[in-house]
Every structure is written in structure tokens, then in C-alpha cells.
Amino acid sequence: MHELGRLEDLPQAYRDELTALNLVPLWPSLRAVLPPGVPTRNTQPTHWPYQSLRPLLMQAGELTPMEKAERRVLVLANPGHGLENMKASPAMYLGMQLLLPGEWAPSHRHTPNAVRMIVEGEGAYTTVDGEKCPMERGDLILTPTGLWHEHGHDGTDPVVWLDVLDLPVIYYAETSYAIEGQRQEVKPGHGEQAYARGGVAPTPLFVRQNGEAGAGAGAVASHGGYPMLRYPWADAKAALQAMAADLPGQEAIQITYINPETGKDAQNNLGFYALMLRPGQTLRLPARSPSCVFHQIEGGTDVAVEGHTFTLAEADTCCTPGYTAVTLTNRSASAPAFVFMADESPFHRKLGVYENRG
Ligand code: GTQ
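Residues numbered from 1 in each chain as written. Predicted model: local features only at pLDDT ≥ 70, side-chain atom pairs only at ≥ 80, totals over all residues. Heavy atoms only, no water.

Right, let's talk about the site of the ligand for a bit. Within the structure, the ligand sits among R71, V73, Y93, Q97, H108, H110, R116, H149, H151 and D163. Side-chain polar atom of H151 to an oxygen atom of the ligand: 2.8 Å apart, as the coordinates give it. Among the elements of the structure, β3 (93-99), β4 (104-110) and β9 (149-153) are those that each provide at least two residues to the shell around the ligand. (Near = heavy atom within 4 Å. Polar contact = N/O pair within 3.5 Å; in protein donor to acceptor, adjacent residues only side chain to side chain. Helix = DSSP H or I, 4+ residues; strand = E, 2+ residues; numbered from the N terminus.)

Structure follows, in C-alpha cells:
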């Protein structure tokens, strides 16, 4: 590709005239916005060890009361995007949130989609659209766009969870806002009970005639098309272990968190997955367009990307840029490792730019 004219090649008077009319010449910037072969990525491979983050989060619990925080969160920000922009990747925001016993994070709803991956502690819960979702280590809880949510804590020890939001892209689109609300009334029924077994779905009389999809018409509230709000870790882990036992020859033991009514990704823009690495296993994930986030639920994993190797201990989190292969290695020769993953696949598919380069 040959070099194009630079801005400095143009007479200053001409440049000033363009500026005064809100005009910009393309050619000095053409290669920057359309680089050859592979996009420019600001996302740097970044590791947030839980051991070093946790004391600072606990300190936030002493320094900032809930009424001064509303959400007491330390954001896991990628330095490549500028810390102040609070992005882990172009479309993913990550935050570690702390709730102390007896505290309350008031009800609100917002346009960005959020999930919580519970990291430590017991006795807290999130109420989403009237459904009370208990929080236990490894559970995934959805708060899809527009649904009311609030967090409470009846236990005795601090509770911490990882928030994953599509905030950067919702904000970029100038569509990010929140509405404050009243304390929600808890309604009976839990989506994870209704959809607890793969392959069968709740079917009220007359709703599923003629093969009708009946989305949201199950035995529990539909929550605006999101029938399952809590994905218990015990069930996800059991599914991974059963798959590993059933398919000893299969390399990737991986599940996708889906909307059980549609079979599609659980949320609009971000994809969520859990992986099991067999003892001693090394698994190469192909170079795909989306950035990825890895969070260690159980065990330990080496994450190798672009010449870096991050050693993930339990509760550690890291991110990797797109178009880059990632190699995961279980650090234990005797125990499986379990990793939660989030990526931007649904968003890339919507944009029509999703790629798997192998
Ligand atoms: O718990 O509702 O990390 O609204 C960022 C924004 C958490 C939440 C975040 C939020 C929340």
C-alpha cells in the first residue's frame, strides 16, 4: 500500500478554510481508519489479580458509604482505552462490586445490559423485575436492558461480584441512561426452576399449539423476553462435568449461556460461556474478531496471548484483544479448571463483522 498525502502537505490557508466549514480531508486519515488486513486495537491484554484488587475494594467499603456510591464498584479499566473511559474492551465494561452485610443498592433500570458473576460471599441477592435471585459463587445473573434491579444483603460477610456490561457501546451510541425507582415487590417464581432441565420447557395450556414459539409464555414471568435471569453455577458446572465424562475425545468442553426460549445468546450484545479444562489440558482458542474476558471460577489457568502469559488464580480476571489466538492451560495436573468467559460475539454478528480466522 503506497503512502498517501499528509495534512502538512496542504497549504495552511486551505486547511483553515476547511476547518471553518467543518470539513476534513479523508486521505491523511484513510489508512488509520481502514488499516491493511487487521484492525487497530487499543485493547491491551490486561490482568486484574483478585488478591491485589480485593483489599482496595474492602477499603472502598470503609471510605465510601452506600449512599455516597449507590453502586460501590472498582472498574477494571483497560489502560489501552484510557482508564477514565472505563472500558475493558470496545464493547465491554467490567466492575467489581462490593456489598456489605445489611447494605442496599437501590432499585434502578438502565439501557445498558448487565450480568453479574458472583465472586465471593453468601447471603446477598439481586431482585430483577420482581424476581429475587440469590447470589452464590459462580452464579450468573442477568439484568437485561430496561429491567428494574436492586441488590440486598442478609448475610454476615462481604459479598463481591463481577459486573459485565455492554455500557461502552451503549454509551458510544448516545443511548445510555438510567431511571431511579422504588423498592420492588418480590413476585413468586424463578426462571431457573422452570428451565432447570435442558430439552424441556414449561408449557401452559393452549400457548404452544401449532409449534408456536411462545417466548415468555412459560410458567414464570417472561421478564420482557428474558425468562431465565439466574444461571446457578451448580447446574452449569454439572453440565460441563457431564459433557466431559460423556465425550472423552472432545477437546473443548464449553457451554454457552442461552435464552432457553429462543436458544440464542442470553443477552443482546455480549456472549457468556463457561469452559472446563481437563487436568493438564491446553486449549487453543482461535483468533476471532471479538475481544474476550476470562474469569477463573475454580482452579488455575495460564492465559497466553500475544507473548504475554497471565496466571489466573481463583477469582482473577483478564481480557484479550480481538483477532488474536488465546491459549489456555490448566495449571493443575490433577483437578479440572473452570473459567467463565464473556465476549462481543453477538454484537459483532449484528454488525456483520464477526470473523473466525482460525
Ligand atoms: O449494579 O446496577 O458496575 O448500574 C455499573 C452500573 C453496576 C448495577 C455497575 C450499574 C451497576
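Below, the discussion takes up the layout of surface pockets. Of the voids in this model, the largest pocket is the one considered here, and its volume is about 760 Å³. As for the largest pocket, its lining consists of 24 residues, of which P39, T40, R41, P90 and H348 are closest to the centre. When grouped by side-chain class, the residues that make up the lining of the largest pocket number 13 nonpolar, eight polar and three charged. Of the voids in this model, the second largest pocket is the one considered here, and its volume is about 540 Å³. Taken together, 19 residues line the second largest pocket, and the ones lying closest to its centre are Y195, A196, R197, G198 and M228. Counting only elements with at least two residues in the lining of the second largest pocket, the list comes to α6 (233-246) and β13 (253-256). For the lining of the second largest pocket, the leading source of residues is α6, giving three residues. Per-class residue counts for the lining of the second largest pocket are 13 nonpolar, three polar and three charged. (1 Å grid on protein atoms, 1.4 Å probe; cavity = no way out; pocket = protein on both sides within 12 Å on 5 of 7 lines; lining within 4 Å. Points joined across faces, edges and corners; volume = space filled by probe spheres on them. Nonpolar A, V, L, I, M, F, W, Y, C, P; charged D, E, K, R; others polar.)

To continue, consider the sheet that holds strand β17 (residues 301-305). Pairing between the strands of a sheet comes from backbone hydrogen bonds, and it takes one of two forms, parallel or antiparallel. Strand order in the open sheet made by the four strands is β15-β20-β17-β18, with antiparallel pairing throughout. The open sheet terminates on both sides in strands that have one partner only, identified here as β15 (282-288) and β18 (308-312). Between one strand and the next, the sheet's axes are offset by a mean angle of 20 degrees, whatever the strand orientation. Both β17 and β18 contribute to a ladder of five bridges, which runs antiparallel. Residue pairing for β18: A304 is matched across the bridge by T309. (Pairing = 2+ DSSP bridges. Axes fitted to C-alpha atoms, helices over the stretch in contact; angles between N-to-C directions.)

It is worth stressing that arrangement in space is one thing and function is another; only the former is reported here.
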